[in-house]
Amino acid sequence: MTAAIGLPTGPPPKKFKLRAPKFALAVPAIVWYIFLFVIPVGLVIVNSFGSKLQGTPGKVDLSAPSLDRYREVVDGDFSDVLVQTMKTSLLGTLLCLLISLPIAYYLAFKTSSRAKVVVLALLMVPFFTNYLLRTLSWQIVLQPKGFVSNFLQDTHWFTFGQALRDTPIKILKTRTAVQIAIVYNYLPLMIFPLWVALDRVELHLREASKDLGAGRVATFVRVTLPLAMPGIVAGLVLVFVPLSGDYVTAELLGGVKGNMVGRAVADQYFRSQDAASGSAIAVSLIISILVILGVLAAVFWCVRRILAVNRRVTVVSI
Amino acid sequence: MTAVAPRPPTALTRLRGRLARGVLPAWAAIVIVFLFTPIIFLVAMSFNDFKTIFNWTKFSTHWWGEMLDNTTMVDAVQTSIEVAIISTIIAVILGTLSGIALARKPGRWTVGFVAIVLLILVTPEIVDGAGQLSWFVKLGGVFREGITPIVLVHTVFSSAVVTLIVRARVSGIDARLEEAAADLFAPPTKAFFQITLPLVMPAVLSGAMLSFTLSLDNVVATSFVSPAGNTTFPNYVFGLSGGVIRPEVAAMSTVFIGITLASIAIVALVLRRQGQSGTEIATTFTGN
């Protein structure tokens, strides 16, 4: 723009335009992420091809890069741990989804706005309570002489004079303990995204569905669920991924039987001081996660295609 | 909300409606009880008389008195709070700037940047932590001393979260407001501080609260990079696991949980004052 016409004289706005690239404001963040995320994750990948430099605390010898560490992962006990971890994670994510869905549905469609705020506030307490402390609390609850165990042994009134068990229950240091605590730990992370996803499905589309004769269930399955799907998938991924890498829960509650990959990685770093093997396990973990997500995405896509064939009404979201 | 046109009620639909009204709230109540149970046990055990949190004997408050005598634990809490404050400041500055840039200056760079942000959010923390440890060992010096490495790793995830929250907020603000400021001869810095920043403030505030609580919550990455003698409260407790845990730890945990909840309550109140609904606040707070 050239000089203003008849406006009070003043410095033209152009003068203040900085000749900076578009991403100038993001430069500090870019530098930060490269320094603290890209390089470290790159190092994990690079280190996984090396070997432990004997006699050093955790240094990696990269002079002869090889796939030996991966071979050890595949041949050794780690592959069992990896499979076990993926089972625990998939089951955990599925349980989180099944437990969360009714709550999210209730919050999105069946509450008064006052009740909704109360329930959300209540759900936020565990969501923001320290994750390590919550896991530690399960140690208290699941103790052999703890609450659950005693309850099952003492409830004579509940089972017609018979105790449900005679002996203390052994849940702690088993896979069951890890599974329970993992579902517990990641449940709030699932409820909120599901609720938001359902909440964003517009009321008039659901009403239209009901006006056209669909019942509750049909409306939910054929209108609400497909529209909320992107949010639900995001919730699933955001629970499944950190859950698979969890190491605190296994460390606190798993004992020997309830091992998980995350803990195996930590063991390599802290106990064996072997960053190369630790890195190889970490990379294997990421690869497993990606493979599972890929397979699920493919299955999901196929199901949608099959369903789309006999769907007579297509809902177009704008 | 407007109701769906009612159908003539039959006994069956009435029963179904009652079930729907009864079953869903009951399920919500069960899940909430499940979510609260362990926390309540932890808090209750701080009032245990015996020397461990795993066997209840009788009620006593003496551990609450002895809590402050455990200097290692008090130091750890202090470290936690220092780390949380510093990392929050850094995360908020980085995240706010890049969030504004994402919303206002989109271009080819955004694709790569958003990809990194999303990768940060989905990479298992154990991988970050392991890599950061190797990297800090290579760098040495200040990266292996004091609270610096802990602060640095805490900023990564939280600044990514702040970026997304701020970007969402800025996208919802009319860009013409800022253009008007420029037309009225406000220099860019003045336009930023007087127009843009006040408008994005709710997002910045929520982001700051999330960064603060994420930092207090962090265990995994911290356990990798903590230098000897410097640790946060959760990692102090983590280090005790497997041994005897005295009720003073439960007492301090209660205080710690209280600090976290107080910080979210304060921010929620401030946002409420600014006219946001409870639902909006919950949506932002949970990172959606």
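Residues numbered from 1 in each chain as written. Chains lettered and ligands numbered in written order. Predicted model: local features only at pLDDT ≥ 70, side-chain atom pairs only at ≥ 80, totals over all residues.

(A) Geometry of the overall build of chain B. Helix and strand counts for chain B come out as twelve helices and zero strands. Starting at the N terminus, the α and β elements of chain B follow one another as α-α-α-α-α-α-α-α-α-α-α-α. Computed over C-alpha atoms, the radius of gyration of chain B comes to 24 Å, more than 25% over the 19 Å expected from 2.2 N^0.38 for 288 residues, which places it beyond the range of a compact globule. The proportion of buried residues among the 288 residues of chain B is 45%. (Helix = DSSP H or I, 4+ residues; strand = E, 2+ residues; numbered from the N terminus. Rg over C-alpha atoms; globule rule 2.2 N^0.38 Å. Buried ≥ 20, exposed ≤ 12 C-beta atoms within 10 Å, placed from the backbone.)

(B) Inspection of the environment of Y106 of chain A at higher detail. Mapped onto the elements of the fold, Y106 of chain A is located in helix α3 (residues 78-109). Classification of Y106 of chain A as buried rests on a count of 24 C-beta atoms within 10 Å. As a C-alpha pair, Y106 of chain A and T174 of chain A span 68 residues in sequence and 34 Å in three-dimensional space. Residues contacting Y106 of chain A, with those up to four places away along its chain left out, are T111 of chain A together with L24, P25 and A28 of chain B. (Contact = placed C-beta atoms within 7 Å.)

(C) Looking closely at unusual backbone geometry. Phi at Q273 of chain A is positive, roughly 55 degrees, even though this residue is not glycine. Tracing the backbone through its elements, the reader meets Q273 of chain A in the loop between α11 (261-270) and α12 (275-309). Of note, F185 of chain B is a non-glycine position whose phi angle comes to about 70 degrees, a positive value. Assignment of secondary structure puts F185 of chain B in the loop between α7 (175-183) and α8 (188-217). By C-beta crowding, F185 of chain B is classed as partly exposed, having 15 other C-beta atoms within 10 Å.

(D) Here's a closer look at the interface of chain A and chain B. At the interface, 82 residues of chain A touch 79 residues of chain B. When residues in the side of chain A that touches chain B are grouped by element, the largest group, 13 residues, is from helix α1 (residues 27-47) of chain A. Here the residues of the side of chain A that touches chain B are counted per class, giving 61 nonpolar, 13 polar and eight charged. (Nonpolar A, V, L, I, M, F, W, Y, C, P; charged D, E, K, R; others polar.)

(E) Local environment of α11 of chain A. α11 of chain A sits mainly inside the fold: eight of its ten residues count as buried. Those residues of α11 of chain A not exposed but buried are V261, G262, R263, A264, V265, A266, Q268 and Y269 of chain A.

(F) Summary view of the environment of F220 of chain A. With respect to the element layout, F220 of chain A can be found in helix α9 (residues 216-244). Separated by 73 residues in sequence, F220 of chain A and L293 of chain A have C-alpha atoms that sit 25 Å apart.

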